[in-house]
Amino acid sequence: YVLAATLINSKDVVYQDNMSIGATNVQNAIDGTCSKIDTRLFGIEDKLYTVQNIEGGGNFTSTTTLSYTGHSISIPPNSYCVVSVRAIYSNNAPTGLYLTSCVDQYTGSCFTAEGYRGATNYDGTLTVTYAYYNSTDRLSAIYIWTSYNGTASNRVSYNGFCATKVK
């Protein structure tokens, strides 16, 4: 045991350098260790991502023509995302499922992905899986558009994940 009656400066305490820090006293060993940690962290910061699950959807009134469902998916800035979107048969069969970057109109310039089933008696669910990279520094959105073989209450749902760059 060591008992110090007065404060001992860490620069005055000898350090045996087993880690090749280049230090001969405790203070320089601490500083050298912190410097090595900072250097190593700096090298991996650009490779760190947080992963977040995303899910949602809900009911809407479908139409026989392509229309916006009122549901969208938020894509965080600087994120890689993969999402599966489903147009679900509730009261009518889905005939088209489109993911766009436009909320107010569907045009060729807004196109991102589509799932299409032309038969009006199709009895099932349409699914589109879409991978997207939001390279901007602002929130982005993907809007869900559908067409059904009748006008009624129907449903869309989505789930997936986003990996967002930490720095």
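This text gives an overview of the structure that appears in the document. (Residues numbered from 1 in each chain as written. Predicted model: local features only at pLDDT ≥ 70, side-chain atom pairs only at ≥ 80, totals over all residues. Heavy atoms only, no water.)

The next thing to look at is the overall build of the protein chain. Broken down by element type, the protein chain carries one helix and eight strands. Secondary structure elements in the protein chain, listed N-terminal to C-terminal, are α-β-β-β-β-β-β-β-β. Classification of the 167 residues of the protein chain by burial places 34% in the buried group. By sequence separation, contacts in the protein chain at least 24 residues apart represent 76% of the contacts at least 6 residues apart. Of the roughly 10,400 Å² that the protein chain leaves accessible, carbon and sulfur atoms contribute 52%. (Helix = DSSP H or I, 4+ residues; strand = E, 2+ residues; numbered from the N terminus. Buried < 20%, exposed > 50% of the residue type's maximum accessible area, 1.4 Å probe, protein only. Contact = heavy atoms within 4.5 Å. Areas by Shrake-Rupley, 256 points an atom, 1.4 Å probe, with all protein chains shown as cover.)

Once that is clear, we can look at unusual backbone geometry. Its identity is not glycine, yet Asn 78 carries a phi of approximately 50 degrees, on the positive side. Of note, Asn 78 is situated in the loop between strand 2 (67–75) and strand 3 (79–88).

Under the definition given, this model contains six aromatic pairs. Look at Tyr 80 and Tyr 133: their rings are 4.2 Å apart centre to centre, the planes differ by 20 degrees, and that puts the pair in the stacked class. Taken together, the residues Tyr 80 in strand 3 and Tyr 133 in strand 6 (residues 126–134) connect sequence positions 53 residues apart. A relative accessible area of 42% means that Tyr 80 is categorised as partly exposed. Of the aromatic side chains, those joined through ring pairs into one cluster are Tyr 49, Tyr 80 and Tyr 133. (Phe/Tyr/Trp six-rings, centres within 6.5 Å; stacked < 30°, edge-to-face > 60°.)

Read from one edge to the other, the open sheet built from four strands follows the order 1-8-3-6, with strand pairing classed as antiparallel. Of all the strands in the sheet, just strand 1 (49–61) and strand 6 have a single pairing partner and so form its edges. On average, each strand axis in the sheet is tilted by 15 degrees relative to the strand beside it, whichever way the strands run. Alignment of strand 3 against strand 6, held across nine bridges, turns out to be antiparallel. Within strand 6, the residue paired with Arg 86 across the bridge is Thr 127. (Pairing = 2+ DSSP bridges. Axes fitted to C-alpha atoms, helices over the stretch in contact; angles between N-to-C directions.)

Attention now moves to the state of the cysteines. By definition, a disulfide links the sulfur atoms of two cysteine residues through a covalent bond. Evaluation of the coordinates by the stated rule reveals one disulfide. Across the disulfide, Cys 81 is cross-linked to Cys 162 (sulfur-sulfur distance 2.0 Å). When the S-S torsion is 115 degrees, as for the bridge of Cys 81 with Cys 162, the disulfide is right-handed. Placement of Cys 81 in strand 3 and of Cys 162 in strand 8 (residues 153–165) is noted, with a sequence separation of 81 residues between them. For the pair formed by Cys 81 and Cys 162, the shared burial category is buried. (Disulfide = S-S within 2.5 Å.)

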